[in-house]
Amino acid sequence: MNNNAIKPWLRSYDAALEAFIKTDVLVCGYGGAGASAALEARRAGADVVVLERSSGGGGSTQMSSCEMYLGGSGGTALQQEIGLSDSTENMSAYLTEALGEHGDPERIRLYTEGAASHFEWVESLGVPYKRKAIFDRVVVPHTDESLLFTGNERAWPFTEVAEPIPRGHVPSHEGDQGGRIFMKALMEACVAAGVRVQVDSQVQAVVQDDSGRVRGVMAKIDGKERFIEATRGVVLSTGGFVMNRKMLEKHCAHTLPFGEPYGNQWDMGDGIQMGMAAGGNIINMDQCFISMAFYPPASLTYGILINNKGQRYINEDAYLARLGHYSGQQDKAEIYMLVQNEDFDLPYYLSPPPPLAATGDSIEEVEREAGLPEGALQATVDYYNKYAAQGQDPLFHKAKDWLKPLTNGPFALISFKPEDVKYPLGNDNGWLMFTLGGLETRPTGEVLTPSGQAIPGLYAAGRTTAGLPRTSKGYASGMSVGDATFFGRMAGRQAAANT
Ligand SMILES: Cc1cc2nc3c(=O)[nH]c(=O)nc-3n(C[C@H](O)[C@H](O)[C@H](O)COP(=O)(O)OP(=O)(O)OC[C@H]3O[C@@H](n4cnc5c(N)ncnc54)[C@H](O)[C@@H]3O)c2cc1C
């Protein structure tokens, strides 16, 4: 493009920017939470501007599989049409157990009551969902099914409190493209509704008047600092802080020895820091999603996970985030999977594949080669085998379907130590993680001060907040995008109503 061609384009760009100076609702960040907030605020009649730091938007939501954890109310349309029903009480019982002491009962209530109609909203954007489920032990379908188990529903102790129902809803496609399909549809709906989007625009600070009411933001747009006025409210939806090393060191130091950041490069905690500077409180900051994934292949679930003392520490049929939570608590996070020949396989998504710490025709040989305390692994396997033969697991209650005595050698001990786990998309070795702490908000998005007062005109959603998912221990895939979009919509509506 020559200079003559650039100049008229620049003039119209500047003119467009002037029109951006004032709006009703200003949304910071154009990922799942931000775009959902923007669309709902616009549909509620507000003039809406979105400022997005990257050159295109989408955020981590676009990188994701876009599994959303949905159900309740008798079942989503998808659950019902394949013959499954899911009551709100059943979903609530599951989430209450899953989130435990970290859970927010009001968020759980709103979410379980509204999740089925949230699915209708997502489908109404044109996102394709096939009426077909996959019940295998997979993390993401690579065929075109749209419904799967994405949490611990079929594992102890959850089977004691709730009927297992698959709630992971994923756009129908072959390959892992859910986030792109969803964000394309959502961003197109935003533009069609008249949301004005300005990319390459980094929001830097929230601006308040003398009374503390939020009046807008300062943002760097096209290299220039600008004030953007928001008459009704500002929504902070800039994602979490897993890419901010200093914040991780301060709040999540315990995860650093084994965690590998998983997200987009602008997961820098900007919204959390701007919200704090405006008087907002932060909570749950030490909690992260941690994925210790050994499946697929599902056949490894017949094996046993052990620590460096040769002891089991969890039921191996748990979801990868629960495995991550408990694996991270083991000494030096030194974790191995013991498996017998007929079940041996390696995860295809780790590159290079995790190494074998030991092999042997007997458990004793494996134990010696791995340098485990003498007799420890043999005692573990003897005990496990005795009860597995009877279809029982008295220590950790692995489901009967996955119990099989480990008697048919040769045996392999696969290392899942963080330094031996390498994902093609990661920079370093480790178990994938993203943050689950952030601004304290009401479910409707109002950012709260440490004394519980709402900051007038300031809202937040998604991983900028401590939302629905607050612990890896009970995390299910789909809780984060489900939460970001569900409560993002609420924040947008609340901001639009703040006239
Ligand atoms: C590969 C991958 C797969 C995943 N799969 C799933 C899944 O299937 N289901 C699930 O529930 N969760 C999944 N997750 C997690 C989930 O995607 C995220 O936690 C969630 O999408 C976060 O949504 P958000 O709206 O809060 O943030 P984002 O979608 O990341 O949006 C934040 C936006 O804010 C922008 N931004 C940042 N700073 C600024 C600033 N200062 N000014 C302006 N803009 C700014 C960013 O560029 C970004 O576009 C996955 C994550 C990854 C990385």
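Residues numbered from 1 in each chain as written. Predicted model: local features only at pLDDT ≥ 70, side-chain atom pairs only at ≥ 80, totals over all residues. Heavy atoms only, no water.

The name that an unreviewed UniProt entry assigns to the protein is FAD-dependent oxidoreductase, with the source organism given as Sediminihaliea albiluteola. Per its UniProt entry, the protein bears the Cofactor (unreviewed entry) comment "FAD". (UniProt positions renumbered as here; feature names shortened; annotations may be inferred.)

**Student:** Could you clarify how one ought to interpret the nonpolar core in this entry?
**Tutor:** Within soluble globular proteins, side chains that are nonpolar generally end up buried alongside one another. Counting 102 residues, the largest nonpolar core has Val 25, Tyr 111, Leu 125, Phe 182, Phe 294, Leu 305 and Phe 416 as the members making the most contacts within it. By residue number, the principal contributor to this core is helix H13 (residues 479–496), which donates 9 residues. Ignoring anything within four residues of it in the chain, the contact list for Phe 182 reads Thr 61, Cys 66, Met 68, Val 122, Leu 125, Val 127 and Thr 485. Counting 21 residues, the second-largest nonpolar core is a separate cluster that includes Val 49, Leu 51, Val 214 and Val 447. (Core = buried A, V, L, I, M, F, W, Y, C linked by side-chain atoms within 4.5 Å. Buried < 20%, exposed > 50% of the residue type's maximum accessible area, 1.4 Å probe, protein only. Helix = DSSP H or I, 4+ residues; strand = E, 2+ residues; numbered from the N terminus. Contact = heavy atoms within 4.5 Å.)

**Student:** In this structure, what is going on with helix H6 (residues 105–124)? I would like to understand it.
**Tutor:** Each α-helix winds once per 3.6 residues, and so residues spaced three or four apart point in a common direction. Compared with an ideal rise of 1.5 Å per residue, which puts 20 residues at 28 Å, H6 spans 28 Å between its outermost C-alpha atoms and is within 8% of the ideal. Bending of H6 peaks at approximately 50° at the position of Ala 115. Among all positions in H6, only Arg 107, Ile 108, Leu 110, Tyr 111, Thr 112, Gly 114, Ala 115, Ala 116, His 118, Phe 119, Trp 121 and Val 122 are buried. Among the residues of H6, the N-terminal cap falls to Asp 104, whose side-chain oxygen and the backbone nitrogen of Glu 106 are separated by 3.1 Å. Immediately beyond the C-terminal end of H6, within one or two residues, lies Gly 126, with a positive phi of roughly 100°. (Expected span 1.5 Å × (residues − 1). Bend = angle between axes of the 7 residues up to and from the residue. Polar contact = N/O pair within 3.5 Å; in protein donor to acceptor, adjacent residues only side chain to side chain.)

**Student:** Sorry if this is basic, but what is going on with the site of the ligand here?
**Tutor:** Taken together, 38 residues sit near the ligand, with Glu 52, Thr 61, Asp 270, Ser 480 and Val 481 positioned nearest. Between an oxygen atom of the ligand and a side-chain N or O atom of Thr 61, the distance comes to 2.5 Å. Between the ligand and the protein, one listed contact pairs an oxygen atom with a backbone N or O atom of Glu 67 at 3.0 Å. A total of 1000 Å² of accessible area belongs to the ligand in isolation, and the protein chains cover 96% of it. Elements with a contribution of two residues or more to the shell around the ligand: helix H2 (32–43), helix H3 (59–63), strand E8 (201–208) and H13. (Near = heavy atom within 4 Å. Areas by Shrake-Rupley, 256 points an atom, 1.4 Å probe, with all protein chains shown as cover.)

**Student:** Hey, could you run me through the pattern of salt bridges in this one?
**Tutor:** When charged atoms on two side chains of opposite charge get close, those side chains can pair. Tallied over the full model, the rule gives 26 salt bridges. Residue Arg 245 is joined to Glu 249 by a salt bridge in which the shortest nitrogen-to-oxygen separation is 3.2 Å. Separated by 4 residues within a single helix, Arg 245 and Glu 249 lie in helix H8 (residues 245–251), roughly one turn from each other. Look at Glu 249 and you get partly exposed, because its relative accessible area is 43%. Between Glu 446 and Arg 442 there is a salt bridge, with the nearest N and O atoms lying 3.9 Å from each other. Several salt bridges converge on common partners, so that one network encompasses Arg 312, Glu 316, Asp 393 and Lys 398. (Salt bridge = Lys/Arg side-chain N within 4 Å of Asp/Glu carboxyl O.)

**Student:** Please explain helix H9 (residues 270–277) as it appears in this structure.
**Tutor:** Turning to H9, its buried residues are Asp 270, Gly 271, Ile 272, Met 274 and Gly 275. Tucked inside the fold, the buried residues of H9 contact E8, strand E10 (224–236), H8, strand E12 (282–283), strand E19 (438–439) and strand E21 (454–460). Gly 279 occupies a position one or two residues after H9 and carries a positive phi of about 110°.

**Student:** Would you mind going over the sheet that holds strand E13 (residues 288–291) with me for this structure?
**Tutor:** Strand pairing in a sheet is mediated by backbone hydrogen bonds. Such pairs are either parallel or antiparallel. What the 3 strands build is an open sheet, ordered E11-E18-E13; its pairing is mixed. Where the open sheet ends on each side, the last strands, each with one partner, are strand E11 (259–261) and E13. Across the sheet, the mean angle from the axis of one strand to that of its neighbour is 40°, orientation sign disregarded. Summarising the sheet, E13 and strand E18 (residues 431–435) pair through 4 bridges and their orientation is antiparallel. Across the sheet, Ile 290 pairs through a bridge with Met 433, a residue of E18. (Pairing = 2+ DSSP bridges. Axes fitted to C-alpha atoms, helices over the stretch in contact; angles between N-to-C directions.)

**Student:** I tried to follow the packing of aromatic side chains on my own but got confused; where do I start?
**Tutor:** A ring pair, where both rings are aromatic, is described by two values, the distance of the centres and the angle of the planes. This structure, assessed with the given rule, holds 17 aromatic pairs. On the numbers, 5.0 Å between centres and 70° between planes, the contact of Tyr 111 with Phe 486 is edge-to-face. One end of the pair, Tyr 111, is in helix H6; the other, Phe 486, is in helix H13, with 375 residues separating them in the sequence. Since its relative accessible area comes to 0%, Tyr 111 is described here as buried. Accessibility expressed as a relative area gives 7% for Phe 486, which makes it buried. Aromatic side chains Phe 294 and Tyr 295 sit 5.5 Å apart centroid to centroid with 75° between the ring planes, which places their arrangement in the edge-to-face category. In terms of burial, Phe 294 and Tyr 295 fall into one category: buried. Lying over the aromatic face of Tyr 295, Arg 137 brings its terminal NZ or CZ to 3.7 Å of the ring centre. (Phe/Tyr/Trp six-rings, centres within 6.5 Å; stacked < 30°, edge-to-face > 60°. Lys NZ or Arg CZ within 6 Å of the ring centre and 35° of its normal.)

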